[in-house]
Each structure stands twice: as structure tokens, then as C-alpha cells.
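Residues per chain are reported as follows:
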Amino acid sequence: MSRIAYFGPVGTFTEQAARTLTTAGDELLAAETIPQALDAVRTGRADAACVPVENSVEGAVPATLDGLAEHDPLIGVAEALLPVHFSVLTREDVGEIRTVASHPHALAQVRHWLEANLPGARAVAAGSTAAAAVAVQAGEFDAAVTAPVAVEHYPLKVLATEVADVRDARTRFLLLRKPPVALPEPTGADRTSLVAAAANRTGTLADLLTELATRGINLTRLDARPNKQNFGEYRFFIDFEGHVAEPRIADALAALRRRCRDVRFLGSFARADGVPATVEPDARNEDFTDAAGWVAAVQRGEQA
Ligand SMILES: O=C(O)C(=O)C[C@]1(C(=O)O)C=C[C@@H](O)C=C1
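Residues numbered from 1 in each chain as written. Predicted model: local features only at pLDDT ≥ 70, side-chain atom pairs only at ≥ 80, totals over all residues. Heavy atoms only, no water.

### Topic: the sheet that holds strand β14 (residues 234-241)
No. 1: If you walk across this open sheet you meet the four strands as β13-β14-β12-β15, and the pairing is antiparallel. Looking at which strands have only one partner, the edges of the open sheet turn out to be β13 (219-226) and β15 (262-270). Put simply, the sheet's adjacent strands are angled 15 degrees from each other on average, direction ignored.
No. 2: With eight bridges connecting them, strand β12 (residues 190-197) and β15 associate as antiparallel partners. Residue pairing for β15: A197 is matched across the bridge by D262. (Pairing = 2+ DSSP bridges. Helix = DSSP H or I, 4+ residues; strand = E, 2+ residues; numbered from the N terminus. Axes fitted to C-alpha atoms, helices over the stretch in contact; angles between N-to-C directions.)

Below is the structure:
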């Protein structure tokens, strides 16, 4: 049995994601914020943490990126992808709706719906979608934009369902553990994630990307966040197809390590969408193994 901290309270999208990533018997522990969920693992109060990392409409979740780049390292061991559309919940006795609360990522995904359907209401940021439901129950706000599952946990009235400005939106979640971890086996449809602090010189980002491109590695995400120390200096969050157990990925990681001030490995795990890695001709794992074998034979004086 494992204890899994998640970005809560109960009824968030992240709680649902955590349920898909855990097995029966695991204990779920709600954390109020993303940093608190990550810290629960760092301090040993939880064995793993589930947090949102990327939404198809609003992009990266900054609290997760910063939380993974700072403090003690954590390693992603699995991911989940959830379809995202929202319910709007109110109290039974609500009159005119003047305030609508939710997580900023959720509000951004329903902006047009709110303008069209609740034009007089003010949008207010809450800690999470479920925290907004708690606040509505407590009378702090008039309505909450929540995950559809929230109504099962909070005695509120459903004003609308299937609310989303963009159809088929999805959010990706990570399950993270504290090293040392047993890395998941490669599946052929994997993602590797890392954060790199490049030197502040002309062309360094281009150089990093070239290291991946020349090994035929397909990027799935590139995000930049300030390093918070020197204005204008950024950390680059780079996700790409493949698993560190593969020679071409290991080779690329070694090159990034050589070129960067700091590289933090954030995991190699199966992609939730199951999309297999694209491998360019001449960049198959066999090509790397074969080339390394040839160089070793040359070094031994056995081959010309
Ligand atoms: O508040 C929640 O329910 C969350 O799980 C967070 C979160 C996010 O951070 O993007 C997750 C999915 C939705 O895109 C909206 C909010």
C-alpha cells in the first residue's frame, strides 16, 4: 500500500487522475497546493504525489514546473491524461450570481462561456476547482467552475454541465516519487522529461535542441520559466519521445549534461496516449549500439 498525495481537496481533476494512477488499497492524501503535494513526498509523509503539469488549452501549470525545478529532486514514474470539461455549481438558495470562483487554469478555459452565460459575474481565483466548491458551500462565492465529479462530494446545485470553450481539452498529470526510484520499463511509447539551465550565451538553447534533433528525437513540449535569480535567465523544460534506457536517449542526455550548467532528469515513463516514438532513419537504437560497438573495436585496435 502506498500513500499518494494529490492536489486537492477531494473532487479535483487531480484526484481523478491520482485514482487512475494508483491501485486499490493505496491511500490518497489531499494537499491544498501543488508545492504541498510535492513536499509531502520530499518529507516522507507520502510515497508519491500526483499533480497537473500541462493543459491542452492553457499550457503548463507554473506551480508544478517551479516545484519540480526547485528543492530536492523528484522523478516522474507515470502520467495520466484526462478529458477536461467543467460543471458550474451553485448553492440551492443562490440569488443573482455575482461571483464565480475556480482555479485560474479552469477560469481561462471557460472565459467565453462565462461572458455569454453569466455576463455580470466576477471571476475569482481559487486554490483549485474543488476548493472553489468548498468556498461556494461556505457562502464566500456564488458559483464554482468544477470537475464534473465535484458534485458527488459537495452538496451543491448543478447550473450547467459540459462547459468548455474548447472541445476535447485535456490535462496531463504526473505521478512523482523521490529518488532512488525503479524507473518504469521502456514501452516504445515513452516520454522523457527534464529541466535544463543553459549558460546565458548566444545560441545555447539552439545548441541544446540541436543535440536532440541530430539524434532524431522528437520534442513534445518546450517551456521556459524564469530562474528567479537573474532577470532574463530561464530554465527550459524539455519533454521528448523516448526512454532513457534507449541508447539514443542516453546519448542525448549525456550531451545535454555536458552543455548545460545544470540538468535535472524528471523521468522516463509510458505516454498516457500510447503514441509510439517516431524514429528517424540512422537514429534507431541499433544504429547507436552498432556505432558505439564499432568505436570500441577501433579503440581496441581491432577494427579500422
Ligand atoms: O483544480 C483542479 O481540479 C485541478 O486538478 C487543477 C487543474 C489545472 O491545474 O489545470 C487541472 C485540470 C483543469 O485543467 C483545471 C485545473
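### Notes on the pairing of strand β2 (residues 27-31)
Note on strand geometry: in a regular strand, side chains alternate between the two faces of the sheet.
No. 1: Of the strand pairs in this sheet, strand β1 (residues 3-7) and β2 are connected by five bridges, and their pairing is parallel. Opposite F7, over in β2, you have A31 as the bridge partner.
No. 2: The parallel pair β1 and β2 is bridged by helix α1 (residues 13-21), and the resulting crossover is right-handed. (Right-handed = clockwise from strand over helix to strand, strands pointing away.)

### Notes on helix α3 (residues 62-69)
No. 1: Counting buried residues along α3, six of its eight residues qualify, which places the element largely inside the surrounding structure.
No. 2: Where α3 terminates, the next one or two residues include H71, which has phi positive at roughly 65 degrees. (Buried < 20%, exposed > 50% of the residue type's maximum accessible area, 1.4 Å probe, protein only.)

### A word on the domain arrangement of the protein
No. 1: You can read the domains of the protein as domain 1 (1-83 + 169-181), domain 2 (86-163) and domain 3 (183-304).
No. 2: The centre of domain 2, based on its C-alpha atoms, is set 42 Å off from the matching centre of domain 3. (Domains from an automatic or database assignment.)

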